[in-house]
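# Notes for the structure review
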Amino acid sequence: MSMSTTTEVIAHHWAFVVFVVVAFGLCAFMLTGGWLLGGRAKGRHKDTPFESGIEPVGSTHLRLSAKFYLVAMFFVIFDVEALFLYAWATSVRESGWIGFAEATIFILILLAGLVYLVRTGALDWAPARRRIVVKSENGRGNSPQKS
């Protein structure tokens, strides 16, 4: 006796369906539990920032330079690429010389990107007025002038 195609598909994927139902049920349970058990106290200073027992002074809204976010993105990008290199290093024997050549090309592309970032000044944290002017052979500076 043979099962129909639809029955075979359902029987084959039942574990995944059960997993999805349990995951959504668990999420609903946690959200409902937090809402039911959570505190409802209202206070004058309930929503003010508080850290280490010190009352806040001034505004909590800080304006950060775009360079901060650029450096954070560069860190994440290079960190993920380091993870790729770690994965390659764990399988270096299986990948052989072809894998070594691919990893070398990958590292060279990373270095080219890093050189580009340094040359364009994307990693310069110092404000323009604090940068040191570097004199070249013809006597003119390569960096921005002091203001």
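Residues numbered from 1 in each chain as written. Predicted model: local features only at pLDDT ≥ 70, side-chain atom pairs only at ≥ 80, totals over all residues. Heavy atoms only, no water.

What follows is about the overall build of the chain. The number of helices and strands found in the chain is 4 helices and 0 strands. Taking as baseline every contact in the chain between residues at least 6 positions apart, the subset at least 24 positions apart corresponds to 41%. Looking at the chain as shown, the accessible area adds up to about 13,600 Å², and 68% of this sits on carbon and sulfur atoms. (Helix = DSSP H or I, 4+ residues; strand = E, 2+ residues; numbered from the N terminus. Contact = heavy atoms within 4.5 Å. Areas by Shrake-Rupley, 256 points an atom, 1.4 Å probe, with all protein chains shown as cover.)

Our next topic: the packing of aromatic side chains. Counting across every chain of the model gives 2 aromatic pairs. Geometrically, the ring pair formed by W88 and F100 is tilted, given 6.5 Å between the ring centres and 40° between the ring planes. Within this pair, whereas W88 is found in helix α3 (residues 66-90), its partner F100 is found in helix α4 (residues 92-120), the two being separated by 12 residues in sequence. With a relative accessible area of 42%, F100 lands in the partly exposed category. Arranged with centres 5.7 Å apart and planes meeting at 85°, the rings of W97 and F100 form a pair that is edge-to-face. Here the residue W97 and the residue F100 both occupy positions in helix α4, the gap between them amounting to 3 residues, near one helical turn. (Phe/Tyr/Trp six-rings, centres within 6.5 Å; stacked < 30°, edge-to-face > 60°. Buried < 20%, exposed > 50% of the residue type's maximum accessible area, 1.4 Å probe, protein only.)

Glancing now at a nonpolar patch on the surface. There is a patch of nonpolar side chains on the surface, built from L62, L64, F68, Y69 and W125 and spanning about 600 Å² of accessible area. Tracing the backbone through its elements, the reader meets Y69 in helix α3. Its relative accessible area of 47% is what places Y69 among the partly exposed residues. (Patch = residues over 30% accessible without salt bridge, like charges linked within 9 Å, V, L, I, M, F, W, Y side chains within 5 Å. Salt bridge = Lys/Arg side-chain N within 4 Å of Asp/Glu carboxyl O.)

Looking at the secondary structure, you find E81 in helix α3. Here E81 sits buried without a salt bridge, and the closest side chain of opposite charge, R119, lies 19 Å off (N-O distance). (Lys, Arg positive; Asp, Glu negative; His and termini not counted.)

One can describe the packing of α3 onto α4 by two numbers: an axis separation of 9 Å at closest approach and a directional angle of 165°. When the axes of α3 and α4 are compared, the pair comes out roughly antiparallel. When you trace α3 past α4, the crossing you get is left-handed. Two secondary-structure elements touch here, α3 through F74, F78, E81, F84, L85, W88, A89 and T90 and α4 through V92, E94, S95, G99, F100, A103, F106, I107, L110, L114 and L117. (Axes fitted to C-alpha atoms, helices over the stretch in contact; angles between N-to-C directions. Parallel < 35°, antiparallel > 145°, perpendicular 65-115°, else oblique. Left-handed = near helix turned anticlockwise from the far one by under 90°.)

Another point: α4. Helical geometry: 3.6 residues make up each α-helical turn, so side chains three or four residues apart lie on a common side. Between its terminal C-alpha atoms α4 stretches only 35 Å, short of the 42 Å expected from 29 residues at 1.5 Å a residue. The principal kink in α4, of about 75°, is found at I98. Taken together, the buried positions of α4 are occupied by G99, A103, L110 and L117. Among the structural elements, α3 are those in contact with the buried residues of α4. G121 occupies a position one or two residues after α4 and carries a positive phi of about 85°. (Expected span 1.5 Å × (residues − 1). Bend = angle between axes of the 7 residues up to and from the residue.)

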